[in-house]
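The lines below spell out each chain.
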Amino acid sequence: AITRYAVQYSTNGDGTWVTGVIPSSTRTSATVAGLTNGVGYVFRVAAVNAAGAGPYSTASARVIPAAGALTAIDLAPHANQRLQSVGFGAVNRLPEGNVTLGGIGFSIPVGGNNIWTGEAATGTNPRVLDLAVNAAGVTKVYTLINTLWGERDSGARASITFYGSGGAVYTVDLDGNNHIRDILWNTWTNTINGTCTTNVFTAGTGQGIGTNNQVRLDMQTFTLPAAFATQTLTRIQIKDWGGANYQRLIVTGITVR
């Protein structure tokens, strides 16, 4: 009796095969994680029983995985401050509405409060932004996060955690002058790592607070562990352990793929 199936994949089909998944049941569908968008793959399947694996099937037709759809998370129910109010008179107003920044679409509510900040949140530390997502198979998350009074010291004063429906959990500490920095060019934090965090918007040309100051939005890209590809991303939780004049987060947008 068949106990399960083994699924292998190859980029060329000429003998170099990788075992992608061996489900623990006889179900006839499976998700193969860890593939690369834009690369062609062929697949084959073998039945497995107590005696081992049988012969593999003829290779499938070549398929090319593509990047999944982008879904912007609605921050409106959690918004407690207006992005444009922290621009400090920048020459160009900060964006709002459905915008594309760094090649990723974000939704920034138009008019009124449209961002979440640790400064305007209430309660004791950590101040928490808890977002319901409920999107299946998410592999990447893009965020627009900056700070007020950014903290230069090593050791995170903030974090982001992703929760999967099957128990997957992934936490990233957000370090100042690495993952996050001030929204305003000033005396606090002014550098980012340029890899998982990149600048996607700048307005103004000067420095400091004034009528010609420089403000910026930075985008963080989080690649979730492979386990999330077969689960539903149920929620994202952002924590802020800062304080007045000691780093508070500004969350402008979140989009999942």
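Predicted, not measured: the structure shown is a model, and the values here were computed from it.

A. Local environment of unusual backbone geometry. Here the residue pair asparagine 125 and proline 126 is connected by a cis peptide bond, since its omega of -5° sits within 30 degrees of zero. Along the chain, the position of proline 126 falls in the loop between strand E8 (116–117) and strand E9 (127–136). Positive phi is not limited to glycine here, since glutamine 247 has a value of about 65°. Mapped onto the elements of the fold, glutamine 247 is located in the loop between strand E15 (232–240) and strand E16 (248–256).

B. Inspection of the sheet that holds strand E3 (residues 42–49) at higher detail. Taking strand neighbours across the sheet as the criterion, the four strands line up as E2-E1-E3-E4 in an open arrangement whose pairing is antiparallel. Every other strand in the sheet has two partners, leaving strand E2 (18–21) and strand E4 (52–53) as the edge strands with one partner each. As judged from the seven bridges shared by strand E1 (residues 4–10) and E3, these two strands associate in the antiparallel manner. In the sheet register, alanine 6 faces E3, and the bridge partner there is alanine 46.

C. The arrangement of the sheet that holds strand E12 (residues 169–173) in detail. Read across the open sheet, the four strands follow the order E9-E15-E11-E12; overall the sheet is antiparallel. Edge strands, defined here as strands with exactly one partner in the open sheet, are E9 and E12. Across this sheet, the average inter-strand angle for adjacent strands is 15°, counted without regard to direction. One ladder, built from eight bridges, connects E9 with E15; its direction is antiparallel. Bridge pairing links alanine 135 to leucine 233 in E15.

D. Local environment of the pattern of salt bridges. Evaluation of the coordinates by the stated rule reveals four salt bridges. Here aspartate 130 and arginine 235 are joined by a salt bridge, their closest N and O atoms 3.1 Å apart. One end of the pair, aspartate 130, is in strand E9; the other, arginine 235, is in strand E15, and 105 residues separate them in sequence. Its salt-bridge partner being arginine 181, residue aspartate 218 comes within 2.8 Å of it at the nearest N-O pair. Remark: arginine 181 occurs in the loop between E12 and strand E13 (197–203) and aspartate 218 occurs in strand E14 (residues 215–223); sequence separation between them is 37 residues. No difference in accessibility class separates aspartate 218 from arginine 181, as the two residues are buried.

E. Local environment of the environment of alanine 158. Topologically, alanine 158 is positioned in strand E11 (residues 158–164). According to the relative accessible area criterion, alanine 158 is buried, its value standing at 0%. Not counting residues within four places of it along the chain, the set of residues in contact with alanine 158 comprises Asp173, Leu174, Lys239, Trp241, Gln247 and Leu249.

How each quantity is defined
- Residues numbered from 1 in each chain as written.
- Predicted model: local features only at pLDDT ≥ 70, side-chain atom pairs only at ≥ 80, totals over all residues.
- Heavy atoms only, no water.
- Helix = DSSP H or I, 4+ residues; strand = E, 2+ residues; numbered from the N terminus.
- Pairing = 2+ DSSP bridges.
- Axes fitted to C-alpha atoms, helices over the stretch in contact; angles between N-to-C directions.
- Salt bridge = Lys/Arg side-chain N within 4 Å of Asp/Glu carboxyl O.
- Buried < 20%, exposed > 50% of the residue type's maximum accessible area, 1.4 Å probe, protein only.
- Contact = heavy atoms within 4.5 Å.

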